[in-house]
Amino acid sequence: MKINEKMLENMSEWMERQDDIPAGWAYIGDDKERYLLGEPGSYNMLIFGINPSEASPGENNLDPTTRRVRKIAKEEGYDGWLIVNLYPLRDKNPDMLPDEPDKVLVENNLKVLEALEKNYTIGKIWAAWGDSIDNQFYLGDGLYDIQEVISSDQWFYRGTMTKAGNPRHPLYLKSDEKFNWFPIADYAADWRFSNLNPKI
């Protein structure tokens, strides 16, 4: 889909003019891509997944992951939640993501993330992508650029890290798990400058 300045300059106003976006919802996406989904409020939790599945705006269009993060955001005292992803291509199975990233999708994702921070008040940023980040190098490598666009250092993971050293996916957490500060800059740098980087 085409991402333009009009939709990013004032996200709320643009979304209000879209007939296919229910009132009170934030959404930038289509059947193949999804850059943003949520119900924004005055103070929002921002959740980072690995890639979008089928969820779309509307109470009946959420999937188990988006329902879970919405519930947890409310329990944490936020009146809004927004979910984004490391890579915006829709696929129910992250293992099936392409071997090489689409550069246009990557650039669009960064544009939306930059605009999101300007349009909404973000509190906690929840790293919630699980071990699927290990499937393709570009998923972790792209995180380096993402954390530079998102200027906040208020990144957190919930519960414990996986054995592979990644923040756990929301569906694989106990209900009473707590949030812990996540050293996003170090984590992202490990990906970008790792000896696993095919460019090094």
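If you look at the biggest cluster of nonpolar residues, it comprises 61 residues, and the most contacted ones within it are Met11, Ile28, Leu36, Phe48, Trp129, Leu143 and Trp155. For this core, the element with the most residues is helix α5 (residues 137-149), which contributes six residues.

Here we come to the layout of surface pockets. One number sums up the size of the second largest pocket: a volume of about 390 Å³. As for the second largest pocket, its lining consists of 23 residues, of which Asn51, Ser53, Asp63, Thr65 and His169 are closest to the centre. For the lining of the second largest pocket, the secondary structure elements donating two or more residues are β3 (44-49), α3 (64-75) and β4 (80-85). Per-element tally for the lining of the second largest pocket: the top contributor is α3, with three residues. Among the residues making up the lining of the second largest pocket, the classes are represented as eleven nonpolar, eight polar and four charged.

Next up on the list: the packing of α5 against helix α6 (residues 184-192). Put simply, α5 and α6 touch, their axes get as near as 8 Å, and they point 135° apart. It follows that α5 is oblique to α6 by the angle criterion. By crossing handedness, the relation of α5 to α6 is classed as left-handed. Touching Phe137, Gly140, Asp141, Leu143, Tyr144, Asp145 and Gln147 of α5 are Ile184, Ala185, Tyr187, Ala188, Ala189, Trp191 and Arg192, all from α6. Taken together, the residues of the contact of α5 with α6 break down into nine nonpolar, two polar and three charged.

Tracing the backbone shows Val149 in helix α5. Judged by its relative accessible area of 23%, Val149 falls in the partly exposed class. Each C-alpha atom, one on Val149 and one on Asp30, is 23 Å from the other, the two residues being 119 residues apart in sequence. Residues contacting Val149, with those up to four places away along its chain left out, are Leu110, Leu113, Glu114 and Glu117.

The next subject is the environment of Tyr35. Along the chain, Tyr35 turns up in strand β2 (residues 34-39). Separated by 16 residues in sequence, Tyr35 and Asn51 have C-alpha atoms that sit 9.2 Å apart. There is a polar contact of 3.4 Å between the side chain of Tyr35 and the side chain of Asn108.

This part is about α6. Buried residues of α6: Ile184, Tyr187, Ala188, Trp191 and Arg192, and no others. End-on view of α6: buried residues confined to an arc of 135°, all on one side of the axis. Residues Asp186 and Asp190 are exposed on α6 and point more than 90 degrees away from its buried face. Buried residues belonging to α6 abut α5 and β6 (155-158).

A pair of packed helices is captured by two measures, namely the crossing angle of their axes and the spacing between those axes. Two elements in contact, helix α4 (residues 103-119) and α5, have axes whose closest approach is 9 Å; the angle formed by their N-to-C orientations is 25°. On the basis of their axis angle, the class for α4 and α5 is roughly parallel. When the axes of α4 and α5 are compared, the crossing they make is right-handed. For the pair formed by α4 and α5, the contact residues are Asn109, Leu110, Leu113, Glu114 and Glu117 on the first element and Asp145, Ile146 and Val149 on the second. For the contact of α4 with α5, a count of residues per class yields four nonpolar, one polar and three charged.

Reading the values: the criteria
The residue count restarts for each chain, going from 1 along the sequence in the order it is written. Only residues with pLDDT of 70 or above have their local features reported here, since the model is predicted, and side-chain atom pairs are shown and tallied only from 80 upward, although totals for entire chains, interfaces and linings are computed over all residues. To obtain the side-chain values, all non-hydrogen atoms of the structure were used and water was disregarded. Residues belong to one nonpolar core when they are buried, are Ala, Val, Leu, Ile, Met, Phe, Trp, Tyr or Cys, and are joined through side-chain atoms within 4.5 Å. Throughout this description, buried means an accessible area under 20% of the type-specific maximum (1.4 Å probe, protein chains only), exposed means over 50%, and partly exposed covers the range between. Strands here are runs of E lasting at least two residues and helices are runs of H or I lasting at least four, both read from the DSSP assignment and numbered beginning at the N terminus. A cavity, in this analysis, means grid points on a 1 Å lattice covering only the protein atoms where a 1.4 Å probe fits yet has no way out; a pocket is instead an open set bounded by protein on both sides within 12 Å along at least five of seven lines, and a residue lines either one if it has an atom within 4 Å of a point. Grid points are joined across faces, edges and corners, and a volume is the space filled by probe spheres set on the points. Three classes are used: nonpolar for Ala, Val, Leu, Ile, Met, Phe, Trp, Tyr, Cys and Pro, charged for Asp, Glu, Lys and Arg, and polar for all others, with Gly counted as polar. Axis lines are fitted through C-alpha atoms, for helices just across the contact stretch, and the angle between N-to-C directions can take any value from 0 to 180 degrees. When describing relative orientation, an angle under 35 degrees is termed roughly parallel and one over 145 degrees roughly antiparallel, while 65 to 115 degrees is termed roughly perpendicular and anything else oblique. Each crossing gets its hand from how the near helix is turned against the far one by less than a right angle, where anticlockwise is left-handed and clockwise is right-handed. Between two residues, a contact is recorded if the distance between any of their heavy atoms is within 4.5 Å. Two N or O atoms form a polar contact when they lie within 3.5 Å of each other; inside protein one atom must be a possible hydrogen donor and the other a possible acceptor, and for residues adjacent in sequence the pair counts only when both atoms belong to side chains. In this description, one arc is meant: the one made by directions from the helix axis to the C-beta atoms.

Without other data, these values stay purely geometric and don't point to any function.
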